[in-house]
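Here's the letter readout for the chains.
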Amino acid sequence: QVRLVESGGGLVQPGGSLRLSCGASGFTFSRFGMSWYRQAPGKERELVAGISRTRATNYADAVEGRFTISRDNPKNTVYLQMNSLKPEDTAIYYCNAREYAENYWGQGTQVTVSS
């Protein structure tokens, strides 16, 4: 059974940091590109960061320089390190795995940035 399970979300003050994790199972993790998406209340889902099989990365303009995506293939895990958090980063963050015709999603984890 394919599973993507996010963890690490929570409440943090502006300027703080969080690290999200996404553990994967049920497929060959190293063959998939991995990414993080987020969806804030009343807004469309948006791509936050992606990392390819070769560990090339890309970031949304809104988070570049503050967020870092990484992957640990032996652990079947992708991470999102989030620094200098802003209230506008508040959203549900989703893990995505994609390889050709296959596309999988996690259940999401809530990140709230508030004082």
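What you see is a predicted model; the values in this text were computed from it and never measured.

How each quantity is defined
Residues numbered from 1 in each chain as written. Predicted model: local features only at pLDDT ≥ 70, side-chain atom pairs only at ≥ 80, totals over all residues. Heavy atoms only, no water. Helix = DSSP H or I, 4+ residues; strand = E, 2+ residues; numbered from the N terminus. Buried < 20%, exposed > 50% of the residue type's maximum accessible area, 1.4 Å probe, protein only. Contact = heavy atoms within 4.5 Å. Pairing = 2+ DSSP bridges. Axes fitted to C-alpha atoms, helices over the stretch in contact; angles between N-to-C directions. Phe/Tyr/Trp six-rings, centres within 6.5 Å; stacked < 30°, edge-to-face > 60°. Disulfide = S-S within 2.5 Å. Salt bridge = Lys/Arg side-chain N within 4 Å of Asp/Glu carboxyl O.

> How do you make sense of the environment of Asn-73 when you look at a structure like this?
On the secondary structure map, Asn-73 appears in the loop between β7 (67-72) and β8 (77-82). A relative accessible area of 21% places Asn-73 in the partly exposed class. Each C-alpha atom of the pair Asn-73 and Gln-39 lies 26 Å from the other, and the pair is 34 residues apart in sequence. Beyond its immediate sequence surroundings of up to four residues, Asn-73 is in contact with Phe-29, Ser-30 and Arg-55.

> I keep staring at the sheet that holds strand β1 (residues 3-7) and nothing clicks. Help me out?
Whenever strands of a sheet pair, they do so through backbone hydrogen bonds, lying parallel or antiparallel. What the four strands build is an open sheet, ordered β1-β3-β8-β7; its pairing is antiparallel. With partners counted over all chains shown, the strands left at the sheet margins are β1 and β7, one partner each. Each neighbouring strand pair of the sheet contributes to a mean axis angle of 15°, computed without reference to strand direction. The pairing of strand β3 (residues 18-25) with β8 spans six bridges and is classified as antiparallel. In the sheet register, Gly-23 faces β8, and the bridge partner there is Thr-77.

> I keep staring at the packing of aromatic side chains and nothing clicks. Help me out?
Counted according to the given criterion, the structure contains four aromatic pairs. When the centroid spacing of 5.4 Å and the interplanar angle of 45° are considered together, the rings of Phe-27 and Tyr-104 count as tilted. With Phe-27 in the loop between β3 and β4 (33-39) and Tyr-104 in strand β10 (residues 102-105), this residue pair connects regions lying 77 residues apart in the sequence. Accessibility expressed as a relative area gives 13% for Phe-27, which makes it buried. Ring pairs connect the aromatic residues Phe-27, Phe-32 and Tyr-104, which therefore count as one cluster.

> Looking at this model, I keep getting lost on the state of the cysteines. Mind explaining?
A disulfide bridge is the covalent bond that connects two cysteines by way of their sulfur atoms. Enumeration according to the criterion identifies one disulfide in this entry. For Cys-22, the disulfide goes to Cys-95, at an S-S distance of 2.1 Å. Because the torsion about its S-S bond is -85°, the bridge between Cys-22 and Cys-95 counts as left-handed. Of this pair, Cys-22 sits in strand β3 while Cys-95 sits in strand β9 (residues 91-99); the two residues are 73 residues apart in sequence, bridging distant segments of the chain. There is no split in this pair, since Cys-22 and Cys-95 are both buried.

> What should I look at first to understand the side chain of Ser-35 in this one?
Here Ser-35 is to be found in strand β4. For Ser-35, a relative accessible area of 7% puts it in the buried group. Leave out the neighbours within four places in its chain, and Ser-35 touches Leu-47, Ala-49, Gly-50, Ile-69, Tyr-94, Cys-95 and Asn-96.

> Hey, could you run me through the pattern of salt bridges in this one?
Here the idea is simple: oppositely charged side chains can pair when their charged atoms come close. Tallied over the full model, the rule gives three salt bridges. With its nearest N and O atoms 2.7 Å apart, the salt bridge here joins Glu-46 to Arg-38. Between Asp-89 and Arg-38 there is a salt bridge whose closest N-O contact spans 3.0 Å. Placement of the pair is Asp-89 in the loop between β8 and β9 and Arg-38 in strand β4, with a sequence separation of 51 residues. In this structure, a network of salt bridges that share partners links the residues Arg-38, Glu-46, Arg-66 and Asp-89.

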